[in-house]
Amino acid sequence: MKVECVVFDTSAILLMFTEGLRVIDQVIELINSPIIPMIPYPILSELIKLSKLGRPSISRASSNALNYVINNFSIANAAGSPDNSVVEVSTRYGCIAVTCDMKLLKRLRRMGVKTIYLRASAGKLEADFDLNF
């Protein structure tokens, strides 16, 4: 069985702590494979910033997300903006990208990156690639 690397953006990580969505479980179920969850360093930096400067609910969710990420994710070395770093890591390592950011989702799709996104109407994650890859 292949182990998939999966890179998460800030919006996907925060879903776990703002909406109580079991993002990791849903990703594993969708791809039917063990995963190596990753975030690029700029996403880690963004979570740190949000935990200090965000609205109280976002600050609290970001602090919880930060603790979770540090204990459960691999941190990928990348530079640039958070969005650019997700693109860089997903293309460099061939990772599946998980995002709720529609602008980033469209960009990743144009680049041929396999993506998973939140289907808001269903309240769950959905893959936009053939699940029998």
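Above this text you will find the structure in question.
Residues numbered from 1 in each chain as written. Predicted model: local features only at pLDDT ≥ 70, side-chain atom pairs only at ≥ 80, totals over all residues. Heavy atoms only, no water.

Enquirer: Would you take a moment to explain the packing of aromatic side chains for this structure?
Expert: To describe a pair of aromatic rings, one takes the distance between the centres and the angle between the planes. All chains considered together, the criterion is met by 3 aromatic pairs. Between F8 and F73, the aromatic rings sit 5.3 Å apart at their centres with planes inclined by 70°, giving edge-to-face as the arrangement. Note that F8 is positioned in strand 1 (residues 4-8) and F73 in the loop between helix 4 (56-72) and strand 3 (74-76), a separation of 65 residues in sequence. Owing to a relative accessible area of 9%, F73 belongs among the buried residues under this scheme. (Phe/Tyr/Trp six-rings, centres within 6.5 Å; stacked < 30°, edge-to-face > 60°. Helix = DSSP H or I, 4+ residues; strand = E, 2+ residues; numbered from the N terminus. Buried < 20%, exposed > 50% of the residue type's maximum accessible area, 1.4 Å probe, protein only.)

Enquirer: In this structure, what is going on with the sheet that holds strand 1? I would like to understand it.
Expert: Strands in a sheet are paired, the pairing made by backbone hydrogen bonds, and the direction either parallel or antiparallel. Spatially, 6 strands are ordered 3-2-1-4-5-6 in an open sheet, and the strand pairing comes out mixed. One side of each edge strand has no neighbouring strand; the edge strands of this open sheet are strand 3 and strand 6 (124-127). On average, each strand axis in the sheet is inclined to that of its neighbour by 35°, with strand direction left out of account. The pairing of strand 4 (residues 96-99) with strand 5 (residues 115-119) spans 3 bridges and is parallel. Looking at strand 5, one finds that T99 is bridged to Y117. (Pairing = 2+ DSSP bridges. Axes fitted to C-alpha atoms, helices over the stretch in contact; angles between N-to-C directions.)

Enquirer: Can you walk me through the side chain of T10 in this structure?
Expert: Here T10 lies in helix 1 (residues 10-18). The contacts of T10, once residues within four sequence positions are left out, are I43, E46, L47 and L50. (Contact = heavy atoms within 4.5 Å.)

Enquirer: Can you walk me through the state of the cysteines in this structure?
Expert: Two cysteines form a disulfide when their sulfur atoms are joined by a covalent bond. One pass over the structure, following the stated rule, counts 1 disulfide. The disulfide partner of C5 is C95, and the S-S distance across this bridge is 2.0 Å. Taking the sign of the S-S torsion, -115° for the link of C5 and C95, the bridge is left-handed. Of this pair, C5 sits in strand 1 while C95 sits in the loop between helix 5 (82-93) and strand 4; the two residues are 90 residues apart in sequence, bridging distant segments of the chain. The same class applies to C5 and to C95, which are both buried. Here C100 is not cross-linked by a disulfide; its sulfur's nearest cysteine counterpart is in C95, at 17 Å. (Disulfide = S-S within 2.5 Å.)

Enquirer: Explanation requested: the packing of helix 3 (residues 41-53) against helix 4 in the structure shown.
Expert: Between two packed helices, the angle of one axis relative to the other and the distance separating the axes together describe the packing. Following both chains from N to C, one finds helix 3 and helix 4 inclined at 145°, their axes separated by 7 Å at the closest point. For the element pair helix 3 and helix 4, the recorded crossing hand is left-handed. For the pair formed by helix 3 and helix 4, the contact residues are L44, L47, I48, L50, S51 and K52 on the first element and I58, S59, S62, S63, A65, L66, V69 and I70 on the second. Counted by class, the contact of helix 3 with helix 4 contains 9 nonpolar, 4 polar and 1 charged residues. (Left-handed = near helix turned anticlockwise from the far one by under 90°. Nonpolar A, V, L, I, M, F, W, Y, C, P; charged D, E, K, R; others polar.)

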